[in-house]
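# Notes for the structure review
The chain contents come next:
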Amino acid sequence: MAIHEVFMPALSSTMTEGKIVSWQKSPGDKVEKGEIVVVVESDKADMDVETFYSGYIATIVIPAGESAPVGSAIALVAETQAEIEIAKQQAQGKSSAATATAPTTTSAPAATATATTIAPPATTATPAPATLRSERPVVSPRARKLAKEYGIAVETLNGTGPNGRITAEDVGAAAGKPQAAPAHSQPAAPVATPAYVPPAAPAIAAVAGTVVPFTTLQAAVTRNMMASLSVPTFRVGYTIETNNLDALYKQIKAKGVTMTALLAKAVAMTLAKHPTVNASYTDAGLNHPGSINIAVAVSMPDGGLITPVLQNADKLDLYSLSRMWKDLVDRARIKQLQPQEYSSGTFTISNLGMLGVDRFDAILPSGTGAILAVGASHPQVVASEDGTFAIRRQMQVNMTADHRIIYGADAANFLKDLALLIQTNAQSLTL
């Protein structure tokens, strides 16, 4: 006999607290080991999480909509129905953020409090590029609630949402009760401009003299940026002619290729020749990862930003990269990325060129060696060596690098080779 404390799980390396989006089980419900019991909002995504133990949900300590620090108790699970009342007594008098303690009553049967955490769904370090969907169907919290209400098995449905996600509309259609589609589930931008998602109107309108609290994501970005400022960085700029890159993009964009995929592919191919720029700092020395994973900064509609990762970008073709990028952005908007899909980048690109920004400096993300800030491509009058003039399209790129592992010559040689690839051999990006 035992009562298990269910703790707020750490769903990412930067997560310090989580918000309960919804409970999939109610007090008194029976649960099996590995069954999804709660949806938690981490600093970057909403995730279904599972329990390690079988038993009964005795009491919910943290209700939906509230937050708790990582490691604090959010519910108690009793192994038998007889222990449910004991667990409720054990939870009384404790704050929602504190771990539960043994009951003080002497008349109650003895029970052993056993600490446990909630296990996130199993993920792999590098998802295979051939498939972007997990074996277990991805179901939105609202869809799961409706399916339970209508008595529909979600395993029998075909999801129409991003990455095959089963939505409330899918459940409603199966039950003959159409559901209105939520506004946030609609794509906010065409595939040709995926590197930046213009923020929508904030959920809480800004009013003079008031303070609008940070979202979970915005608070996480703030913490990460403060940590990044402790790194000794330097910046190197370069001017790159884009005539050939622009011409290539016009040729293949109708096939679904995005400018983000082109830039990621060019950067990845160049990083293959400059492994130091793809490395990161550790106390023991340079950490050379086993892959080239390009993270691209994306602004979220409700504030903050996230960096979906194109894994093994140097080995994938442009069409696969573009499809992967669209899927990542679609799922980022509904906060359904898995941790490795936003935290495994080895090099980051931040592109504000589509907003007309000429040049800017980017803050280096923690755990990486460099980030490339990409400005807009504009026609410029260029003088040649023989004294003639011509119109050429050029863009400014600025790289911020960790000076503990990357030196000026490393950054300069990387940017020189990146420019050479884009200016003279852009067609190789399609090979």
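Residues numbered from 1 in each chain as written. Predicted model: local features only at pLDDT ≥ 70, side-chain atom pairs only at ≥ 80, totals over all residues. Heavy atoms only, no water.

### Describing the overall build of the protein
Scanning the protein from N- to C-terminus turns up nine helices and 19 strands. Counting every position in the protein, which comprises 431 residues, the buried fraction comes to 48%. Sequence-distant contacts, at least 24 apart, represent 66% of the contacts inside the protein between residues at least 6 apart. Summed over its atoms, the accessible surface of the protein is roughly 20300 Å², and 55% of this surface lies on carbon and sulfur atoms. (Helix = DSSP H or I, 4+ residues; strand = E, 2+ residues; numbered from the N terminus. Buried < 20%, exposed > 50% of the residue type's maximum accessible area, 1.4 Å probe, protein only. Contact = heavy atoms within 4.5 Å. Areas by Shrake-Rupley, 256 points an atom, 1.4 Å probe, with all protein chains shown as cover.)

### Some points on the pairing of strand β2 (residues 17-23)
The pairing of β2 with strand β7 (residues 67-69) spans three bridges and is antiparallel. Paired with E17 across the strands is P69, a residue of β7. Relative to strand β4 (residues 36-41), β2 runs antiparallel, the two sharing four bridges. Among the inter-strand pairings, I20 is bridged to a residue of β4, identified as V40. (Pairing = 2+ DSSP bridges.)

### Focus: the packing of helix α6 (residues 259-271) against helix α9 (residues 408-424)
Interaxial distance between α6 and α9 falls to 9 Å at its minimum, and their mutual angle equals 130°. Judged by the inter-axis angle, α6 sits oblique to α9. Judged by the twist between their axes, the crossing of α6 over α9 is right-handed. Residues A266, V267, M269, T270 and L271 of α6 lie in contact with α9, whose contacting residues are F414, D417, L418, L421 and I422. (Axes fitted to C-alpha atoms, helices over the stretch in contact; angles between N-to-C directions. Parallel < 35°, antiparallel > 145°, perpendicular 65-115°, else oblique. Left-handed = near helix turned anticlockwise from the far one by under 90°.)

### A few points about the packing of aromatic side chains
One pass over the full model with this rule turns up one aromatic pair. Measuring from ring centre to ring centre gives 5.7 Å for F347 and F414, while their planes differ by 45°; the resulting arrangement is tilted. Of this pair, F347 sits in strand β17 (residues 347-351) while F414 sits in helix α9, and the two are 67 residues apart along the sequence. For the residue pair F347 and F414, the accessibility class agrees, reading buried in each case. Positioned above the aromatic ring of Y281 is the side chain of R404, whose terminal nitrogen or guanidinium carbon lies 3.7 Å from the ring centre. (Phe/Tyr/Trp six-rings, centres within 6.5 Å; stacked < 30°, edge-to-face > 60°. Lys NZ or Arg CZ within 6 Å of the ring centre and 35° of its normal.)

### Focus on the confidence of the model for the protein
With 79% of its residues at a pLDDT of 70 or more, the protein has an overall mean of 80. Confidence over residues 181-203 falls short of pLDDT 50; this stretch has 37 contacts with residues more than four positions distant or in other chains. (pLDDT = per-residue confidence, 0-100.)

### Side note on the sheet that holds β17
Strand order in the open sheet formed by six strands is β10-β19-β18-β17-β13-β16, and the pairing between neighbours is mixed. With partners counted over all chains shown, the strands left at the sheet margins are β10 (233-241) and β16 (309-310), one partner each. Looking at chain direction, strand β13 (residues 294-296) and β17 are connected through three bridges and run parallel. Of the residues in β17, the one forming a bridge with V296 is I349.

### Here's the deal with a nonpolar patch on the surface
Taken together, the side chains of M226, L229 and I363 make up a nonpolar region of the molecular surface, amounting to roughly 320 Å² of accessible area. Topologically, M226 is positioned in helix α4 (residues 216-228). (Patch = residues over 30% accessible without salt bridge, like charges linked within 9 Å, V, L, I, M, F, W, Y side chains within 5 Å. Salt bridge = Lys/Arg side-chain N within 4 Å of Asp/Glu carboxyl O.)

### Re the packing of α6 against helix α7 (residues 318-333)
Pairs of packed helices are described in terms of their axes, by the angle between the two and the distance that separates them. It is the contact of α6 with α7, at a shortest axis distance of 9 Å, that shows an interaxial angle of 120°. Taken together, the axis directions place α6 and α7 in an arrangement best described as oblique. The interaxial crossing formed by α6 with α7 has right-handed handedness. Counting all contacts with α6, which are made through T260, A261, L262 and K265, the residues of α7 involved are L318, L321, S322 and W325. When its residues are assigned to classes, the contact of α6 with α7 shows five nonpolar, two polar and one charged. (Nonpolar A, V, L, I, M, F, W, Y, C, P; charged D, E, K, R; others polar.)

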